[in-house]
Amino acid sequence: MKITIFGTWYVWLVTGTCLAEVGHEVMCIDIDQNKIDKLKEGIIPIYEPGLEELVKRNYKEGRLLFSTDAKTGIDFATAIFSAVGTPPDENHRADLRFVKIVAETVGKHMDDYKVFINKSTVPVGTGEMCKNIIKQELEKRNSPLLGGDLEGGFDVVSNPEFLKEWAAVKDFMTPDRIVCGVESEQAKKVMNDIYKSFIRADKPLVFTDLKSSEIIKYAANAFLATKISFINEIANFSEIVGANISDISKWIGLDPRIGSKFLHAGIGYGGSCFPKDVQALIETGKDFNYDFKIIKATEQVNKIQKVKIVDMLLDKIPDLSWKTIAIWWLAFKPKTDDIRDAPSLDIIERLIGLWVSKIKAFDPVAMENVSRIFENQDKLTLTFTNYDALKWADALLVLTEWDEFRNADFDKIATLMKWNIIIDGRNIWNKDDLLERGFVYEWIGK
Ligand SMILES: NC(=O)c1ccc[n+]([C@@H]2O[C@H](COP(=O)([O-])OP(=O)(O)OC[C@H]3O[C@@H](n4cnc5c(N)ncnc54)[C@H](O)[C@@H]3O)[C@@H](O)[C@H]2O)c1
């Protein structure tokens, strides 16, 4: 099949590439000329394990095309994915500006039947909105596609994406389920043709109505975020009563009704999806006079949890002026350079507000993006290695969990640091081992 995708960034470069990998011809359209030029030169502007090789191969073999020309993209295919960003606006709602532009552009240029597929995470009712925008554009130019009857000229489908950054390729190639909100048999057939090579007996392609499909994505993210805030609350309580949060999470997680994933106490959730989707769902609820009580609490707990590590540090070093604080890892999770809404950003801001003398930080892939945010901040130094960040540091804050450092060289750490204080926001190390080695070691849910 021929497929066009509008928006070629984190998720959609993965979507386009994986669709090409199973034999479709995919044209990726982006308004950012720089991104498209880089992709044509084989430079992948994001870090995602396994992606580079697939992009290069599919591009070379002619199944993956890149362009900034919207009309060419619309003429190219029947199936048109809108995969543009839906960042939070100033009121924490999903900003649908880019989705509206894509729907308008499709309505303006389409000359035959199209399926407009919303892949972005969009609030309930967006499919309906896109239908109206496309209809209006067709009406404006009196398109023959109207034929006196608006039915038949196009379909709008909701097809939310559930992949995770850093496992995006694997998640896309072997999805748990593919959800499509459709309104016609014709659209159902197109979606089936796109995804038939991904379907397995236990990994179905499921069809539902537009609204349910739109809500499924928000419900999934809100549920996972709630699990994280839930275990963080239990961790905070465990700290007070002296219980062991690792044991608690492990042993409740064995109950299949609960499940062990997303039950690790830490410094809360971040990233480009959970924070914005949780907030957007709360705001959409307000539009329908519905008050999401549990989801509001999830967000509230997370806000506190995100900077709790600084309180733990203050407990050990009450005056941070003239102190050097090391930070290991900056993205919201390992193996991604995406630092949107990462807790590290709030933590760095708070440390600067507390007059630390210096923050020395390292992350294998996210430092370039962080340096752009703190461009003129001379208190932040980004170092060449993990261990460089520790030289003369008074304390180390661990904000993510890179597996390579589960067995860190603690003798080296002890010689490099001024005071051996470690505050572990992800509970990655063995407390008995570190305490025995003489470290002051604090962890979440201690
Ligand atoms: N990042 C994730 O892990 C993830 C996972 C599942 C779903 N999602 C959802 O996917 C959507 C996109 O996420 P992202 O992280 O890839 O977004 P992004 O903001 O990183 O990328 C969007 C891309 O769209 C381009 N764009 C904007 N307007 C355009 C237009 N009119 N025509 C063509 N291109 C245009 C931008 O230049 C940018 O490259 C969001 O709704 C997000 O919630 C993200």
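Note that the structure is predicted; figures quoted are calculated from it, not measured.

What follows deals with the overall build of the protein. Helix and strand counts for the protein stand at 16 helices and 14 strands. Its C-alpha atoms give the protein a radius of gyration of 24 Å, near enough to 22 Å, the size a compact globule of 446 residues would have. Dimensions of the protein, computed from the C-alpha atoms along their principal axes, are close to 80 × 45 × 40 Å. Evaluated residue by residue, the protein yields a buried proportion of 53% over its 446 residues. Taking the intrachain contacts of the protein between residues at least 6 apart in sequence as the baseline, contacts between residues at least 24 apart amount to 74%. Surface accessibility of the protein: about 20400 Å² in total, with carbon and sulfur atoms responsible for 54%.

Glancing now at a nonpolar patch on the surface. There is a patch of nonpolar side chains on the surface, built from Phe237, Ile240 and Val241 and spanning about 350 Å² of accessible area. Mapping isoleucine 240 onto the fold places it in helix H9 (residues 210–241). Under the relative-accessibility criterion, isoleucine 240 is labelled exposed at 71%.

Compared with the 34 Å implied by 1.5 Å per residue over 24 residues, the 35 Å span of helix H12 (residues 293–316) between its first and last C-alpha is a close match. Remark: the principal bend of H12, roughly 45°, maps to valine 307.

Note: interface size is frequently given as the accessible area lost on complex formation between the parts. Segmenting the protein into domains produces domain 1 (2–208) and domain 2 (300–443). Once you take the C-alpha centre of each, domain 1 and domain 2 turn out to be 38 Å apart. In total, domain 1 and domain 2 occlude about 760 Å² of area from one another, counting both sides; carbon and sulfur atoms represent 50% of this. In this structure, the connection of domain 1 to domain 2 is made through one salt bridge. Between arginine 340 and glutamate 165 there is a salt bridge whose closest N-O contact spans 4.0 Å. Applying the counting rule to domain 1 against domain 2 returns three residue pairs in polar contact (both at pLDDT 80 or more). Class assignment of the residues belonging to the side of domain 1 that touches domain 2 gives a composition of six nonpolar, no polar and two charged.

Turning next to the nonpolar core. Among the nonpolar cores identified, the biggest contains 62 residues, and Trp328, Leu351, Leu397 and Trp429 are the most heavily contacted of them. With near-sequence residues (within four places) excluded, leucine 397 lies in contact with Ile309, Leu313, Ile325, Ala326, Ile327, Trp328, Ile347, Leu351 and Ile423. With 42 residues, the next largest nonpolar core counts Cys28, Ile44, Cys180 and Ala187 among its residues.

Lining the immediate environment of the ligand, one finds 27 residues, of which Trp9, Asp30, Lys35, Thr86 and Lys276 sit closest. Between the ligand and the protein, one listed contact pairs an oxygen atom with a side-chain N or O atom of aspartate 30 at 2.6 Å. At 2.7 Å from a nitrogen atom of the ligand is found a side-chain nitrogen or oxygen belonging to glutamate 165. Starting from 840 Å² of accessible surface for the ligand in isolation, the protein chains cover 91%. Those elements that place two or more of their residues in the shell around the ligand are helix H1 (10–21) and helix H5 (97–109).

Moving on: the sheet that holds strand S12 (residues 395–398). Taking strand neighbours across the sheet as the criterion, the six strands line up as S11-S10-S9-S12-S13-S14 in an open arrangement whose pairing is parallel. Of all strands in the sheet, those with a lone pairing partner are strand S11 (380–382) and strand S14 (440–443), marking the two edges. Mean inter-strand twist for the sheet, computed between neighbouring axes without regard to direction, equals 20°. Both S12 and strand S13 (residues 421–424) contribute to a ladder of four bridges, which runs parallel. Of the residues in S13, the one forming a bridge with valine 398 is aspartate 424. Packed onto the sheet, H12 meets strand S9 (324–328), S12, S13 and S14 and runs at close to 155° relative to S13.

The next point concerns the environment of isoleucine 46. With respect to the helices, strands and loops of the structure, isoleucine 46 is situated in the loop between helix H2 (33–40) and helix H3 (51–60). When the C-alpha atoms of isoleucine 46 and aspartate 337 are compared, they prove to be 7.1 Å apart, with 291 residues separating the residues in sequence.

All right, on to the state of the cysteines then. This structure, assessed with the given rule, holds zero disulfides. With no disulfide partner, cysteine 18 has as its closest neighbouring cysteine sulfur the one in cysteine 28, 11 Å distant. Its relative accessible area of 0% is what places cysteine 18 among the buried residues.

Summed over all chains, the structure comprises 15 aromatic pairs. Centre to centre, the rings of phenylalanine 172 and phenylalanine 198 are 5.5 Å apart; their planes meet at 90°, and the pair counts as edge-to-face. A residue pair is termed long-range when its members are at least 10 positions apart, and phenylalanine 172 in helix H7 (residues 168–173) and phenylalanine 198 in the loop between helix H8 (185–195) and strand S8 (205–208) qualify at 26 residues. This pair shows no difference in class: phenylalanine 172 is buried, exactly as phenylalanine 198 is. Ring centres of phenylalanine 410 and tryptophan 429 lie 5.2 Å apart, and the angle between their planes is 85°; this geometry places the pair in the edge-to-face category. You can see phenylalanine 410 sitting in helix H15 (residues 410–416) and its partner tryptophan 429 sitting in the loop between S13 and helix H16 (431–436), a full 19 residues away along the chain. Given the relative accessible area of 7%, tryptophan 429 is considered buried. Linked through ring pairs, Trp328, Trp329, Tyr387, Phe405, Phe410, Trp429 and Phe439 together constitute an aromatic cluster. If you follow lysine 293 out to its NZ or CZ, it ends over the ring of tyrosine 290, 5.9 Å from the centre. Residue placement shows lysine 412 over the ring face of tyrosine 387; its charged tip is 4.4 Å from the ring centre.

A word on the packing of H12 against helix H13 (residues 343–353). For the pair H12 and H13, interaxial distance at closest approach is 8 Å and the crossing angle is 40°. One way to sum up the angle between H12 and H13 is to call them oblique. The handedness of the crossing between H12 and H13 is right-handed. Across from Lys306, Val307, Ile309, Val310, Asp311, Leu313 and Leu314 in H12, the residues of H13 making contact are Pro343, Asp346, Ile347, Arg350 and Leu351. Of the residues belonging to the contact of H12 with H13, the class tally is eight nonpolar, no polar and four charged.

About the criteria used
Sequence order as written defines the numbering, with residues in each chain counted from 1. With the structure being a predicted model, the display of local features is reserved for residues of pLDDT at least 70 and the display and counting of side-chain atom pairs for 80 or more, all residues being used for whole-chain, interface and lining totals. Just so you know, side-chain values use all the structure's heavy atoms and leave hydrogens and water out. Strands are runs of DSSP state E lasting at least two residues, helices are runs of H or I lasting at least four, and both sets are numbered from the N terminus onward. With C-alpha atoms as the basis for the radius of gyration, the globule rule is written as 2.2 Å multiplied by the number of residues raised to the power 0.38. The buried label goes to any residue with under 20% of its type's maximum accessible area, the exposed label to any with over 50%, and the partly exposed label to all in between, with areas taken from a 1.4 Å probe on protein chains only. We call two residues contacting when some pair of their heavy atoms lies within 4.5 Å. Accessible surface area values rest on a Shrake-Rupley calculation with a 1.4 Å probe, where residue burial reflects the displayed protein chains alone. Think of a patch as exposed residues, more than 30% relative accessible area, with no salt bridge, where like charges cluster within 9 Å and nonpolar side chains (Val, Leu, Ile, Met, Phe, Trp, Tyr) cluster within 5 Å. Each reported salt bridge corresponds to a side-chain nitrogen of Lys or Arg within 4 Å of a carboxyl oxygen of Asp or Glu. The span expected for a helix works out to 1.5 Å for each residue beyond the first. Note that the bend at a residue is defined as the angle between axes fitted to the seven residues ending at it and the seven residues starting at it. The domain boundaries here were taken from an automatic or database domain assignment. A quick way to say it: buried area is the sum, across both parts, of accessible area lost when two parts are put together, with a 1.4 Å probe. Polar contacts, as used here, are pairs of N or O atoms within 3.5 Å; protein pairs need one atom able to donate a hydrogen and one able to accept it. Residues neighboring in sequence count only if both atoms are side-chain atoms. Polar here means any residue outside two lists: the nonpolar Ala, Val, Leu, Ile, Met, Phe, Trp, Tyr, Cys and Pro, and the charged Asp, Glu, Lys and Arg; Gly therefore counts as polar. We call a set of buried residues a nonpolar core when its members are Ala, Val, Leu, Ile, Met, Phe, Trp, Tyr or Cys and they connect through side-chain atoms within 4.5 Å of each other. If even one non-hydrogen atom of a residue comes within 4 Å of a molecule or strand, that residue is called near it. In short, DSSP must find at least two bridges between two strands for them to pair. Lines fitted to the C-alpha atoms define the axes, with helices restricted to the stretch that makes contact. Angles between their N-to-C directions range from 0 to 180 degrees. Only a pair of cysteine sulfur atoms within 2.5 Å qualifies as a disulfide here. The pairing test for Phe, Tyr and Trp rings, Trp by its six-membered ring, is centres within 6.5 Å, and the orientation test on the planes gives stacked under 30 degrees, edge-to-face over 60, and tilted for anything in between. Whether a charge sits over a ring comes down to the Lys NZ or Arg CZ being within 6 Å of the ring centre and within 35 degrees of the ring normal. By the definition adopted for this analysis, an angle is roughly parallel if under 35 degrees, roughly antiparallel if over 145, roughly perpendicular if from 65 to 115, and oblique otherwise. Take the far helix as the reference: if the near one is turned anticlockwise from it by less than a right angle, the crossing is left-handed, and if turned clockwise, right-handed.

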